[in-house]
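# Architecture at a glance
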Amino acid sequence: MEQLFPAKLLDLLVISVTFSMVSMVFIQKCKSMKFIRKKWQLCLLNFLFSFLVGMPFANVFYDISWLDSIWVGLFTFVGAPSIYDALKNQKIFNYKPSSLQDTISIPKENEITIPKDD
């Protein structure tokens, strides 16, 4: 396996997948912000977050060089949307981002009424 995938590449990919989970959650939270309206804004936010936070993340927590952390940022930028799409399309977990549903319904028989004081 070492001939096909060097150990260093596998290490960088594992770090990238770990940070991609954090990045994916951050991007989903940012989707609910009022100033994020277009897809290119999300792409730019993903790019900036992947490099500006991903590189120090890899450097501090995994003690790798800054050059290797650039690769982690690149793999994170590519990987976070892919992980989100994979989780969205699978059938095991029913994850729905909060931006899809803003209201809830309560059945009439479960409604709690508060009596008015006269």
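First things first, this report covers the structure right here in the doc. (Residues numbered from 1 in each chain as written. Predicted model: local features only at pLDDT ≥ 70, side-chain atom pairs only at ≥ 80, totals over all residues. Heavy atoms only, no water.)

Turning to the packing of aromatic side chains, a few remarks are in order. The tally for this structure, following the rule as stated, stands at eight aromatic pairs. Ring geometry for Phe26 against Phe49: centres 4.1 Å apart, planes inclined by 15 degrees, an arrangement best described as stacked. A residue pair is termed long-range when its members are at least 10 positions apart, and Phe26 in helix H1 (residues 7–30) and Phe49 in helix H2 (residues 39–52) qualify at 23 residues. Take Phe26: its relative accessible area is 30%, and that puts it in the partly exposed class. What makes Phe49 buried here is its relative accessible area of 13%. In textbook terms, an aromatic cluster arises when at least three aromatic residues are bridged by ring pairs, as seen for Phe19, Phe26, Phe49, Phe57, Phe61 and Tyr62. (Phe/Tyr/Trp six-rings, centres within 6.5 Å; stacked < 30°, edge-to-face > 60°. Helix = DSSP H or I, 4+ residues; strand = E, 2+ residues; numbered from the N terminus. Buried < 20%, exposed > 50% of the residue type's maximum accessible area, 1.4 Å probe, protein only.)

With five residues, the main nonpolar core is built from Leu12, Ile15, Ala58, Ile64 and Val72. Apart from residues lying up to four places away in sequence, Ile15 is in contact with Ala58, Tyr62, Ile64 and Val72. (Core = buried A, V, L, I, M, F, W, Y, C linked by side-chain atoms within 4.5 Å. Contact = heavy atoms within 4.5 Å.)

Residues Trp40, Leu44, Phe47, Leu48, Leu52 and Val53 make up a contiguous nonpolar surface patch of about 580 Å² in total accessible area. Here Phe47 is to be found in helix H2. (Patch = residues over 30% accessible without salt bridge, like charges linked within 9 Å, V, L, I, M, F, W, Y side chains within 5 Å. Areas by Shrake-Rupley, 256 points an atom, 1.4 Å probe, with all protein chains shown as cover. Salt bridge = Lys/Arg side-chain N within 4 Å of Asp/Glu carboxyl O.)

Before going further, it helps to examine the pattern of salt bridges. For the structure shown, the criterion picks out one salt bridge. Of the charged contacts, one joins Asp68 and Lys8 as a salt bridge, the two residues approaching to 3.2 Å between their closest N and O atoms. One end of the pair, Asp68, is in helix H4 (residues 66–89); the other, Lys8, is in helix H1, and 60 residues separate them in sequence.

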